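# Summary of the model geometry
Here are the chains, one letter per residue:
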Amino acid sequence: MTNHRATVSMKQSVAVQENIVLPGDTNAHDTMFGGLLMKRIDETAAISARRHCRGAVVTASNDGVHFHRPVQRDDIVTLKSYVCYVGKSSMEIFVKIMTENASRDEPGQIAAISFLTFVGLDKDGRPTEVPNVQPETEEERAVFDEAKARKEARIKKRAETNELIHSLGLMIN
Ligand SMILES: CC(C)(COP(=O)(O)OP(=O)(O)OC[C@H]1O[C@@H](n2cnc3c(N)ncnc32)[C@H](O)[C@@H]1OP(=O)(O)O)[C@@H](O)C(=O)NCCC(=O)NCCS
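Here goes a summary of the coordinates provided. (Residues numbered from 1 in each chain as written. Predicted model: local features only at pLDDT ≥ 70, side-chain atom pairs only at ≥ 80, totals over all residues.)

## Digging into the site of the ligand
Around the ligand sit 14 residues, and of these Ser61, Gly87, Lys88, Ser89 and Ser90 come closest. Mapped by element, the contributors of at least two residues to the shell around the ligand are strand 3 (56-65), strand 6 (109-121) and helix 3 (147-167). The element contributing the most residues to the shell around the ligand is strand 3, with four residues. Each residue belonging to the shell around the ligand can be placed in one class, and the counts come to five nonpolar, six polar and three charged. (Near = placed C-beta within 6 Å. Helix = DSSP H or I, 4+ residues; strand = E, 2+ residues; numbered from the N terminus. Nonpolar A, V, L, I, M, F, W, Y, C, P; charged D, E, K, R; others polar.)

Below, the structure is given as structure tokens:
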């Protein structure tokens, strides 16, 4: 069967969000709240997903965020994301979180990375096919090459989570 799906580049879905870490964004250690960073990761990833498929999307999962180095108060924090792999209706988004001292002329550093999965939805809210994605740069190819293994691990995790919910007989109380 011929595949009629369009293919788009990863740079087409790039989204960038920059903020200065304000006092209200920090915890007792004067570093950025992890929860706030996770919210911004989800927001930036959602923009990439929408740029890629130009339709409605929903967050299916977040593989987790490993806070590699702290983001300090008054740092400039930059989130950059792009769609790095697609299945049929799902899109994997790669998010890089970079931190930079606002007062010193020094190169920025990676503070964290994250992979999220978004699903494209049709007008009835059901999963729908999204365009393919094509890596071009060395980084894009490296992220793309590992994506299938991450997707398999995610499918296994989803099944385990479903089983746990059922086996624990979880109830709302
Ligand atoms: C994500 C969701 C749309 C999947 O719908 P579904 O009817 O179960 O659809 P499917 O099982 O056919 O999965 C569709 C695709 O999503 C992927 N997927 C589903 N759950 C996933 C998960 N937890 N993590 C990663 N990918 C997932 C599937 O692998 C499949 O990918 P593919 O089409 O590329 O092969 C549905 O579970 C949902 O709406 N969840 C709630 C999402 C939400 O509310 N998010 C905001 C949280 S506040």
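## Description of the sheet that holds strand 5 (residues 90-101)
Read across the sheet, five strands follow the order 2-4-5-6-3 without closing on themselves; strand pairing throughout is antiparallel. The sheet is open, and its two edges are formed by strand 2 (15-20) and strand 3, each paired on a single side. Put simply, the sheet's adjacent strands are angled 25 degrees from each other on average, direction ignored. As defined by bridge partners, strand 5 adjoins strand 6 across 10 bridges and the pair is classed as antiparallel. If you follow Glu92 over to strand 6, its bridge partner there is Thr117. On the sheet, helix 1 (residues 34-53) packs against strand 2, strand 3, strand 4 (75-86), strand 5 and strand 6 and is oriented at approximately 130 degrees with respect to strand 5. Where helix 3 meets the sheet, it contacts strand 3, strand 4, strand 5 and strand 6, and its direction lies at approximately 110 degrees from that of strand 5. (Pairing = 2+ DSSP bridges. Axes fitted to C-alpha atoms, helices over the stretch in contact; angles between N-to-C directions. Contact = placed C-beta atoms within 7 Å.)

## Topic: the nonpolar core
Val83 and Ile93 are the most contacted members of the largest nonpolar core, which totals 31 residues. Contributing elements (two or more residues each) for this core: helix 1, strand 4, strand 5 and strand 6. Per-element tally for this core: the top contributor is strand 4, with seven residues. Contacts of Ile93, omitting those with residues within four sequence positions, involve Ala45, Ser48, Ala49, Ser81, Val83, Cys84, Phe115, Leu116 and Phe118. (Core = buried A, V, L, I, M, F, W, Y, C linked by C-beta atoms within 7 Å. Buried ≥ 20, exposed ≤ 12 C-beta atoms within 10 Å, placed from the backbone.)

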